[in-house]
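Geometric and topological summary
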Amino acid sequence: MAGWWLRPLLRLGAAATLPLVVPALVAAVVWALPGDPAEIICPRSTCTGGAELAARWRLDAGPWAFYQAWLGDALGGEFGRSWRVLQGVPVAELLTEAVPNTLVLVGAAGLLVTLAGLGGLTGALGARAEALARAVGVAPAVLLGLLAAASIELRYGADAFGPDAASWRLVAGVAVLVLADGAFGGALAGARAATAAERAARYVGVAVLRGEAPLDNMLPNLAPALVGQLRARLVQLLSGAVVVEVVLRLDGVGDLLWTGTLLQDFGVVIAAATVFAVFSAVLLAAQAVAELIIGGVVRRVPEGLAS
Amino acid sequence: MSRRAAAALALLVLILAGGLALTAPGSLPAAELSRAYLPPWEAPPFGTDQRGRPLWATLAQGASVLLGPSLLAGVLVALAATLGGLARCLALPWLDAGIALVGELVGSLPRMVVVLVAALLLPGGARSLTPLALVWAALCAPGAIDEAAAVAERLGGARFVEALRAHGFGWARIFLLHLAVRNLRPVVVRQGAEVTLQVAFLEIALSYLAQADDQPSLTHSDRVRSWADLLTMGYPSLVLDVPTGHALALGVGAMALLVVGTHAAVRAARAR
């Protein structure tokens, strides 16, 4: 098909713009709210010196100036300061603690979801496993998270949310993230459905008659769809991580974003949302690159046919 | 389960949830501390909470919080999917490209992150699930449109319409009956039902998380309670000797009822 590279290029374009668009949107939200943005930090009824504060926090020159300044600082690793969650604390410090936790949580869950997809692709996990995973996956993350938190409290008692139980909370978080909202079941079902549809194609039947392995023939055609499914699942896991981190009190970016939203701490929200945008952009770019590589390999002229 | 039985079950769940929502009291009954923590058999039908107030009031208020916005989101996504499927049969490549572009951008961000950023716009005094449900529907719509369009494509797209036109069928009959009702129905109803359930669970999750941080919910006013209150109240029974297991069972049961209703609706709409 002509122009097969258009979609991957579109994805690369989206990946490049996401980390720029998300902080711009948050900055727009700050100024869309009624009243002076500086009053969010320093309400006129309780504190004075709002003008100086607005200048110090770069809230005095409008959303565009705020966005430009914030983006320039962020590129240098400086994400501003918390407005309310831990007022005055550099957000970079909070992110330094939170980002690794979220990466481990989502990375481990993503690995298991990838294995589910591979199980569906190779046939190692069949219809029964899919039915079981789908049945468990009906439960939402908040409910499974609640059960996981209870099991940790039963095991650790008063220390359940202390440092000793941190690794258990992480393991429980990974389990909840994988099982809840149909992540594992969806990955397995998606891979099985795509494989079954491809297996029904005529060329696969011909390959079998030639004594070739069906998977070797199907994989180049299946790979883009499977990569797309995997990316969608990882984005789903990032979304679920917000709930899991709050319920299990894991200090991740999702927890930071949630607390920032509840307390209207735009300093935290803009940074946490941008981190999520960067994660999403990396996934988008990875999908695009994978599609370009697969497309290039599939469309190369077979050896010996070139004139 | 036959399609008729599934349709009857889905309707029953809808009537039950709708009845609960419509009979929800504006505010909770007065506290009666002497009746605190009563199990269902001592204070029918569902027992009482820690202040002796009947749990049915919490159940009904929770239904009133989530039912309308959830159904609205589901209907909007189903409508968008139907239009997307029909548009594919009109052979409008620019529309397909536009939907693909929007879907790519919208689908690339975690939905919860977008919902939380949108929640920042809600003024403290006017917190409601409806705007968040609309945002969630907007995030889900491109995927639903894409799937419905794929179904229309497999059907033959514009060639299918041409073939039916050659039989002398009118536009309304082709698009409404043959395409929307007979062919797009399973995928459209499934997408709508899934989004309805997702928004209901979103409300419960957001309310629960807010309670965990001792903050007001993003989805409803402080005068009203959510099904998340049942989970919050029931949770201690899992780890301590607190007699609130009936609240947890009621909350989980209510969520299970929604799951059953949703799956029944999907089953009722499946292709023959």
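Quick note: structure is the one above.
First things first, this report covers the structure right here in the doc. Quantities reported herein were computed from a predicted structural model and do not represent experimental measurements.

On a plain count of helices and strands, chain A comes out with 13 helices and zero strands. For chain A, the succession of helices and strands along the chain, N to C, is α-α-α-α-α-α-α-α-α-α-α-α-α. Viewed in the frame of its principal axes, chain A has a C-alpha envelope of about 85 × 60 × 30 Å. For chain A, the proportion of its 307 residues judged to be buried stands at 46%. On chain A, roughly 14500 Å² of surface is accessible, and the fraction owed to carbon and sulfur atoms is 65%. Charge centroids of chain A, computed over 20 positive and 22 negative side chains, lie 12 Å from each other.

Bringing a nonpolar patch on the surface into the picture now. Together, Leu72(B), Leu76(B), Leu79(B), Leu83(B) and Leu134(B) make up a nonpolar patch on the protein surface, roughly 430 Å² of accessible area in all. Following the sequence through the fold, Leu79(B) ends up in helix α2 (residues 55–88).

So, about the packing of aromatic side chains. One pass over the structure, following the stated rule, counts seven aromatic pairs over all chains. An angle of 85° between the planes, with centres 6.3 Å apart, marks the rings of Phe276(A) and Phe279(A) as edge-to-face. Linking Phe276(A) with Phe279(A), this pair stays in helix α13 (residues 266–299), spanning three residues, or about one helical turn. The pair formed by Phe276(A) and Phe279(A) is uniform in burial state, with each residue classed as buried. Through a chain of ring-to-ring contacts, three or more aromatic side chains come together here, namely Trp57(A), Trp83(A) and Phe266(A). Here the basic side chain of Arg111(B) rests over the ring of Trp136(B), its NZ or CZ set 5.7 Å away from the ring centre.

Let us now look at the pattern of salt bridges. Scanning the model with the defined rule gives eleven salt bridges over all chains in all. Among the ionic pairs, Arg58(A) bridges to Asp73(A), the shortest N-O distance being 2.3 Å. Of this pair, Arg58(A) sits in the loop between α3 (50–56) and α4 (62–75) while Asp73(A) is found in helix α4, placing the two residues 15 residues apart along the sequence. With a relative accessible area of 25%, Asp73(A) lands in the partly exposed category. Residues Glu194(B) and Arg190(B) are paired through a salt bridge, measuring 3.4 Å at the closest nitrogen-oxygen approach. Remark: Arg190(B) and Glu194(B) occur in helix α7 (residues 171–212); sequence separation between them is four residues, near one turn of the helix. On the basis of relative accessibility, which here comes to 34%, the residue Glu194(B) falls in the partly exposed class. Overall, Arg190(B) belongs to the partly exposed group, its relative accessible area being 24%.

Attention shifts here to the layout of surface pockets. Residues and elements named next belong to chain B. Estimates place the volume of the second largest pocket at around 480 Å³. In terms of lining, the second largest pocket is formed by 25 residues, of which the most central are Leu14, Leu71, Thr196, Gly261 and Ala265. Where the lining of the second largest pocket is concerned, the elements lending two or more residues are α1 (3–22), α2, α7 and α10 (245–268). A per-class count over the lining of the second largest pocket returns 19 nonpolar, six polar and no charged.

Further remarks concern the side chain of Ser70(B). Residues and elements named next belong to chain B. The topology assignment puts Ser70 in helix α2. Here Ser70 falls in the buried class, since its relative accessible area comes to 2%. Within the local environment of Ser70, its side chain forms a polar contact with the backbone oxygen of Leu66, the two atoms lying 2.4 Å apart. Here Ala200 takes part through its backbone nitrogen, which lies 3.5 Å from a polar atom of the side chain of Ser70.

Core analysis: the biggest nonpolar cluster contains 152 residues, and Trp83(A), Trp258(A), Phe266(A), Ile204(B), Leu206(B), Tyr208(B) and Trp227(B) have the highest contact counts within it. If you tally residues by element for this core, the top one is α7(B), at 18 residues. Contact partners of Trp227(B), with chain neighbours within four places excluded, come to Thr58(B), Leu59(B), Gly62(B), Ala63(B), Leu66(B), Ile204(B), Ala254(B), Met255(B) and Leu258(B).

A few words on the environment of Pro123(B). Residue and element names in this part refer to chain B. Position of Pro123 relative to the elements: it lies in the loop between α4 (111–119) and α5 (129–155). Accessibility expressed as a relative area gives 45% for Pro123, which makes it partly exposed. Taking C-alpha positions, Pro123 is 9.6 Å from Leu218, a pair spaced 95 residues apart along the chain.

Conventions we followed
- Residues numbered from 1 in each chain as written.
- Chains lettered and ligands numbered in written order.
- Predicted model: local features only at pLDDT ≥ 70, side-chain atom pairs only at ≥ 80, totals over all residues.
- Heavy atoms only, no water.
- Helix = DSSP H or I, 4+ residues; strand = E, 2+ residues; numbered from the N terminus.
- Buried < 20%, exposed > 50% of the residue type's maximum accessible area, 1.4 Å probe, protein only.
- Areas by Shrake-Rupley, 256 points an atom, 1.4 Å probe, with all protein chains shown as cover.
- Lys, Arg positive; Asp, Glu negative; His and termini not counted.
- Charge placed at Lys NZ, Arg CZ, Asp CG, Glu CD.
- Patch = residues over 30% accessible without salt bridge, like charges linked within 9 Å, V, L, I, M, F, W, Y side chains within 5 Å.
- Salt bridge = Lys/Arg side-chain N within 4 Å of Asp/Glu carboxyl O.
- Phe/Tyr/Trp six-rings, centres within 6.5 Å; stacked < 30°, edge-to-face > 60°.
- Lys NZ or Arg CZ within 6 Å of the ring centre and 35° of its normal.
- 1 Å grid on protein atoms, 1.4 Å probe; cavity = no way out; pocket = protein on both sides within 12 Å on 5 of 7 lines; lining within 4 Å.
- Points joined across faces, edges and corners; volume = space filled by probe spheres on them.
- Nonpolar A, V, L, I, M, F, W, Y, C, P; charged D, E, K, R; others polar.
- Polar contact = N/O pair within 3.5 Å; in protein donor to acceptor, adjacent residues only side chain to side chain.
- Core = buried A, V, L, I, M, F, W, Y, C linked by side-chain atoms within 4.5 Å.
- Contact = heavy atoms within 4.5 Å.

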